[in-house]
Amino acid sequence: MVGHARVKKAVFPVAGLGTRFLPATKAVPKEMMTVVDKPVIQYVVDEAIEAGVEHFVFVTGRGKGVIEDYFDIQYELEATLKARNKKAELSLLESILPKAGTASFTRQQEPLGLGHAVWCARDIVGQEPFALLLPDMIMKSEKGCLKGMMELYEVAGGNVIAVEECAPELAHRYGIVATGEAVGEGFRITDMVEKPAPGTQPSNFFINGRYILQPEIFEILETQERGAGNEIQLTDGMLKLVKQQSFTGYHYRGATYDTGAKDGFIMANIAFALSRDDIRPLVEADLKALVAALK
Ligand code: UTP
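Residues numbered from 1 in each chain as written. Predicted model: local features only at pLDDT ≥ 70, side-chain atom pairs only at ≥ 80, totals over all residues. Heavy atoms only, no water.

## Observations concerning the pairing of strand β12 (residues 247-251)
In step 1: The buried fraction of β12 is high, at 5 of 5 residues.
In step 2: Both faces of β12 are covered, namely the face carrying F247, G249 and H251 and the face carrying T248 and Y250.
In step 3: Across 5 bridges, the pairing between strand β8 (residues 159-165) and β12 is parallel. Residue pairing in the sheet places V163 in a bridge with H251 of β12.
In step 4: With 3 bridges connecting them, strand β10 (residues 186-194) and β12 associate as antiparallel partners. For G186, the partnering residue across the bridge sits in β12 and is Y250. (Buried < 20%, exposed > 50% of the residue type's maximum accessible area, 1.4 Å probe, protein only. Helix = DSSP H or I, 4+ residues; strand = E, 2+ residues; numbered from the N terminus. Pairing = 2+ DSSP bridges.)

## Describing the site of the ligand
In step 1: Around the ligand lies a shell of 18 residues, among which G18, T19, R20, Q108 and G113 are the nearest.
In step 2: Separating an oxygen atom of the ligand from a backbone N or O atom of G18 is a distance of 2.8 Å.
In step 3: A distance of 3.0 Å separates an oxygen atom of the ligand from a polar atom in the side chain of K30.
In step 4: Surface burial for the ligand is 84%, taken as the share of its 570 Å² of free accessible area covered by protein chains.
In step 5: When atom positions are compared with the pocket grids, the ligand is found to occupy the largest pocket.
In step 6: Looking at the shell around the ligand, its residues break down into 9 nonpolar, 5 polar and 4 charged. (Near = heavy atom within 4 Å. Polar contact = N/O pair within 3.5 Å; in protein donor to acceptor, adjacent residues only side chain to side chain. Areas by Shrake-Rupley, 256 points an atom, 1.4 Å probe, with all protein chains shown as cover. 1 Å grid on protein atoms, 1.4 Å probe; cavity = no way out; pocket = protein on both sides within 12 Å on 5 of 7 lines; lining within 4 Å. Sits in = over half its atoms within 2 Å of the grid points. Nonpolar A, V, L, I, M, F, W, Y, C, P; charged D, E, K, R; others polar.)

## A look at the nonpolar core
In step 1: Ranked by size, the top nonpolar core spans 42 residues in total, and within it F12, I138 and L146 carry the most contacts.
In step 2: Sort the elements by how many residues they give to this core and helix α7 (residues 145-156) lands first, with 7 residues.
In step 3: Counting 32 residues, the second largest nonpolar core, distinct from the first, contains V11, V125, I217 and F247. (Core = buried A, V, L, I, M, F, W, Y, C linked by side-chain atoms within 4.5 Å.)

## Details of the environment of V40
In step 1: Inspection of the secondary structure assignment puts V40 in helix α1 (residues 40-50).
In step 2: We classify V40 as buried; its relative accessible area is 1%.

## Quick word on the packing of aromatic side chains
In step 1: Applying the stated criterion to the full structure yields 11 aromatic pairs.
In step 2: A network of ring pairs unites the aromatic residues F12, F56, F58, Y70, F71 and F105 as a single cluster.
In step 3: We note K38 situated over the ring of Y43; from NZ or CZ to the ring centre the distance is 4.4 Å.
In step 4: Lying across the ring of F272, K140 places its NZ or CZ 5.5 Å from the centre. (Phe/Tyr/Trp six-rings, centres within 6.5 Å; stacked < 30°, edge-to-face > 60°. Lys NZ or Arg CZ within 6 Å of the ring centre and 35° of its normal.)

## Digging into the pairing of strand β4 (residues 55-60)
In step 1: The element β4 is largely enclosed, with a buried count of 6 among its 6 residues.
In step 2: With burial as the criterion, each face of β4 is covered, one bearing H55, V57 and V59 and the other bearing F56, F58 and T60.
In step 3: Taken together, the 5 bridges between strand β1 (residues 9-13) and β4 define a ladder with parallel strand orientation. By the bridge assignment for β4, V11 is matched with V57.

Shown next, in the form of structure tokens:
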């Protein structure tokens, strides 16, 4: 095995405005909206834990303080649960609490784009490779997406990006990669294009929101001009890095839900509810009745 620097930190950019989910996101960060009974951000943090991440870096913004509170002790609640002898609930709260000192929070003062949010994490990450997880994309699969990427990283080193295959007619909605030779469970990425004009995409593999990046991306983002939507775009930064360092695509084959979009959020709730033994029977029966009534 090649000795690539270990990926110990993961960055979670949670400073976006979530305009697609207004009015809910006026007061509730979209990362705190619940899928069944857990906030979206918990699913993504769990994926990082499964992959061996040891330090969690949240890039927050105004109105996102509740995310910081969520990963802290809630003394009043815990005292009340103790007094009522609610052991199961107490151990649930304990299980989601990060070890002291392993969660860092920094603020992106203005939502200038994903690339800028990532750049805001540079001092906390330092000169080491890091994972980047877009918290509104939640994954459902036997082996976590980031875990699979870490395994590929051990072989390939450099930068690793998770990709999924889409229908050709949908490629214009996504960041698409150009594919090269096979590497383990993936392939070399030779180029990237953000939202290609219909029919011009180099492949049907789209970037799904999980990355392992080398720290040189920070230097690139530092001087990067604004791109599409007048925002500092991560893809533009990666496009420069792809000319200097290796990029490997990890072909993720599980399900992905974009909880930042209404349909993705609803489908995530249904899919995760159906995979839970405790609520599946009820939800399944109600869903069947609903679908039958549609006909
Ligand atoms: P999105 O574009 O999906 O998030 O960014 P958004 O801007 O919050 O959503 P809409 O389009 O207005 O509904 C992808 C991720 O990058 C973060 C978001 O929080 C989201 O997790 N992000 C985006 C930032 O942290 N800062 C930004 O300036 C932009």
